[in-house]
Structures are given as structure tokens and as C-alpha cells.
Amino acid sequence: MSDGQTAQSLETDRPTPFDPPVALRRRPPLSRLAYPDGHLGWVSTGYAETRAILADPRFSTRRELLHQPVGGERATERPTPAEPGIFPHMDPPEHTRFRRLLAHHFGPRRVAGLMPAIRRHTEEALDGMAGGGGPADLLTAFAMPIPALVICELLGVPVEDRQRVQAATAVMNDLDSRPEQVGAAVATITGTVRDVLARQGASTAEGGLLAHVAASGELSDEELTNLGMVLLATGHLPTSSMLALGAFALLTDPDQRALLAADPERAVEELLRYLSVLQFDVRRTALVDVEIGGQVIAAGETVVLALPVANRDPGRFPCPDALDLSRSATGHLAFGHGVHQCLGQHLARAELRVALTALFERFPDLRLAVPAAEVPTRDRSAVYGVDRLPVTWGALPADRRRKGADHALQDLG
């Protein structure tokens, strides 16, 4: 290779549930990466380099140009172009057409109108936990239903379809899922969207976002169905993962947990920076030769943007490995950057602020029901998180609560 670097495969082993892979963090800001299909590409771990690539129109998100850095059978197959309506895998101006149709539905004013629903679903989840008594799995009892119910309500999807959509989304994001499993999961979600559109027709009176977009008349039936599939599949898993992982982190750090209520907005930004659940699937392919950080990325080469590592760059965030809810984490890349920055970021922030604050207000003595080291994590997923989060509650003396938290931190090394 002209740059003299030795290509390595992507390192995925995490030292703790909250820290990015150690080997990946030891890499230079932009380094060669060997992909499972034989492609020789790159991985970006530096904050400046990652942000520059995300903002550069000379890099593409078109699916047929991207290579998968990790996974099973799917990683060695050459992908096909995205179907009409799958706008995350389109470049401008095609991508712009869909963003324009959707932007105000996810803007701050619309999210402000959704706050009663977010609070209602949060209280319902907390009531369910309280009524069932401890212990409970915080992932399934709290973190999963809140974002899923909100996105279903926003899109006009019946509540009874929630669990089916959640299961299909998990399959789609599992990097070891076989292509036929992914195809079946996509079919499940698109079928749900078709049913919603068929019931709503062109009326916007009782329908959700999908009915309003349909009424614009700007999309074909195929585009509208695939658009709905994208929104439904991406509108809950990252937020539910952040809710559970954020709660997990705060349960092991009572000093930081005490700062949450004082400034939830600042606290959520720091949690997003510190945890950054989008781990392997943010990718770009150079359309022409591009020089970034002193390296030339050749046309056709794919770059994995390691957001969890970039958000721990000491050049951008002092003491980056410390969770500090009092810091200003403005500028983090948890939602990406540039024209493809997460459409639902305002909604996700609102859900995280409301839900995490309400959780610890309702259960001030919430604690892990197992040692922290025994909480299983979802390592082989495009969206990192936990598979379960066993918790319990009930009054304990203050010294025992502190001792339990100290033990949890010791378990994590």
C-alpha cells in the first residue's frame, strides 16, 4: 500500500460495557481496514477526521457502494442499490427530496407537541414496573416500549403491532443475521406500513405522519411504503438502547446520577457522547480521491466512521473517558453530522430527558439486581446496547446503597 499502513480487521471487543474497543482506540485517527469481503478500506476514529468526512459531499451513502466491516454472511455479499424511498442510502438531490418532506414532522415544534405522549407512555411504563414489583428487566419494561409507542403514535401504527416491529428491527440490526432473515424482517415491517396506509387512505384527519406524507401526493406507493419502513425501523431501537445503557451507566455511578435532575438537557448530551450506540454501520464511500487528515482516501474506498471512538477524542473532549454530566458535550457526533444527521434527534433527546429523569424520580433507590459484569451486552448489532438490564428497588440504608454501587464499579474493572 502506498501509505505504508498494514490493514487490520475491525476490533470489536469492549473492555467494559461503556467503553469503545481498546484496540480500535489505539489506532491513528484514520487507518487502513481489511473488510470481510476482501475490500481494503479505512476506519476513522479521530473526531476532526470523522466530522470532516460526514460533512463532505464527495463521500456517498449509496448502499451499492458500501462495504460491511463486520458480520457473517451479509458482510461478504455485494449490496444492491437501495429501493425507492430508502433515503438514508441516497445522496443529494434524491436524499434532499425526502428530507424536505419529513423535516417539519421531526422538528422542535412537532416534538414539543409530542411531549404529552412521551410523558404518558413514560408514566405508563413506570406504573407497570411499580405494579409488578421488583425485580424487573428495565430494557423490556421501560426502555423498549417508550420510544416504540411514541414512533408508532407519530406514524399512525397500531399499538398492537409494536412488539412485532421491535422483533423485526432487532433482526435487521443483528450483524450475524442471514440475508433471508433480514429479508423476512423487512417484509414484516413493510407489511405493517402497507396495512397502515390501506386503513388510513388519503385522509389526514385521524392518520399520523404517513397519512400526511401520502396526502402530499409527492411519493409513489413504493416510495411511501419504503419510507415508512425506514422510519419505523430506525425510530425506536437507538433510543431504547440509549435509555437502557444510560440507566445502566447511572446505576453504577451515584455521583453522576445525582446531577441528572439539575440539568437533564446537559446530562443527556453527555450520555449521548459517552455511550454513542451507533457502532459499526455509519459508513461512507469516496466518490473521488479525497485527502483527509493527511491520508488520501481513493475513489471507491469505504470508510467506517467509529462514532463511539471519535466521541472519546481527547483533542475535542478533555478527560473523554470520564462520564461527567456537568460538562458541555455540545458538538458530539452521536447523531452524525452533515446532511445525513439523524432526522429524529430532537425526538430522541426529548424521550431521553423525560424518561431518564422520571425513572430516577419514581425509583430513587433503583439498583442493579445482578453484578454489573453479568449484564449481557448486544455486541453484534449495528446499534450497541444491553440484552437485559435486571434491576430492583426497595429501601436500603444509604451505606449499603453506596457499597452496592462501589461493587458494581469494581465488577466493571
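Residues numbered from 1 in each chain as written. Predicted model: local features only at pLDDT ≥ 70, side-chain atom pairs only at ≥ 80, totals over all residues. Heavy atoms only, no water.

Scanning the chain from N- to C-terminus turns up 16 helices and 10 strands. For a compact globule of 413 residues, the expected C-alpha radius of gyration is about 22 Å, and the chain comes in at 21 Å, within 12% of that figure. Dimensions along the principal axes, computed over C-alpha positions, put the chain at roughly 60 × 60 × 35 Å. Buried residues in the chain amount to 54% of all 413 residues. Nonlocal contacts in the chain, meaning residues at least 24 apart in sequence, comprise 73% of its contacts between residues at least 6 apart. Accessible surface computed for the chain: about 17,100 Å², of which carbon and sulfur atoms make up 52%. Across the chain, 42 positive and 51 negative side-chain charges occur, with their mean positions spaced 3 Å apart. (Helix = DSSP H or I, 4+ residues; strand = E, 2+ residues; numbered from the N terminus. Rg over C-alpha atoms; globule rule 2.2 N^0.38 Å. Buried < 20%, exposed > 50% of the residue type's maximum accessible area, 1.4 Å probe, protein only. Contact = heavy atoms within 4.5 Å. Areas by Shrake-Rupley, 256 points an atom, 1.4 Å probe, with all protein chains shown as cover. Lys, Arg positive; Asp, Glu negative; His and termini not counted. Charge placed at Lys NZ, Arg CZ, Asp CG, Glu CD.)

Turning our attention to helix α13 (residues 264–275). Taking 1.5 Å of rise per residue, 12 residues should cover 16 Å, and α13 covers 16 Å from first to last C-alpha, within 8% of that figure. Across the 12 residues that make up α13, a large majority, nine, are buried. Among the structural elements, α11 (237–251), α12 (254–260) and α15 (345–362) are those in contact with the buried residues of α13. Looking at the residues trailing α13, positive phi occurs at Ser 276, about 35°. (Expected span 1.5 Å × (residues − 1).)

Turning to the nonpolar core, a few remarks are in order. Note that soluble globular proteins tend to have their nonpolar side chains buried in a common cluster. Judged by nonpolar contacts, the single largest core of 50 residues is most densely connected at Phe 142, Phe 248, Leu 359 and Leu 389. For this core, the elements supplying multiple residues, two or more each, are α4 (108–132), α5 (138–143), α11, α13 and α15. With 10 residues, the top contributor of residues to this core is α11. Excluding residues within four positions of it along the chain, Leu 389 makes contact with Ala 136, Asp 137, Leu 138, Leu 139, Ala 244, Ala 247, Phe 248, Leu 368 and Val 375. If you look at the next biggest cluster of nonpolar residues, it comprises 40 residues, including Ala 168, Met 172, Ile 189 and Leu 219. (Core = buried A, V, L, I, M, F, W, Y, C linked by side-chain atoms within 4.5 Å.)

Moving on, we come to the packing of α4 against α15. Where α4 contacts α15, the axes come no closer than 9 Å and their chain directions differ by 30°. Relative to α15, the crossing made by α4 is right-handed. Taking contact as the criterion, the partners of Pro 108, Val 111, Leu 114, Met 115, Ile 118, Arg 119, Thr 122, Glu 123, Leu 126, Asp 127, Met 129 and Ala 130 in α4 are, on α15, His 346, Leu 347, Ala 350, Glu 351, Val 354, Ala 355, Ala 358, Leu 359 and Arg 362. In the contact of α4 with α15, the residues fall into 14 nonpolar, two polar and five charged. (Axes fitted to C-alpha atoms, helices over the stretch in contact; angles between N-to-C directions. Left-handed = near helix turned anticlockwise from the far one by under 90°. Nonpolar A, V, L, I, M, F, W, Y, C, P; charged D, E, K, R; others polar.)

Another point: the sheet that holds strand β3 (residues 59–60). Neighbouring strands of a sheet are bound in pairs by backbone hydrogen bonds; such pairs are parallel or else antiparallel. Strands sit in the order β1-β2-β8-β5-β3 across an open sheet of five strands; the sheet is mixed. Strand pairing shows two members of the sheet lacking a second neighbour, β1 (30–34) and β3, which therefore form its edges. Contacts from helix α2 (residues 47–55) reach β1, β2 (40–44), β3, β5 (283–286) and β8 (302–305), with the element oriented near 120° to β8. (Pairing = 2+ DSSP bridges.)

On to the environment of Ala 249, then. Within the secondary structure layout, Ala 249 lies in helix α11. The exposure class assigned to Ala 249 is buried, which follows from its relative accessible area of 3%. Spatially, the C-alpha atom of Ala 249 lies 8.8 Å from that of Leu 275, the residues being 26 residues apart in sequence. If we ignore the near neighbours within four places in the chain, the residues touching Ala 249 are Phe 18 and Leu 323.

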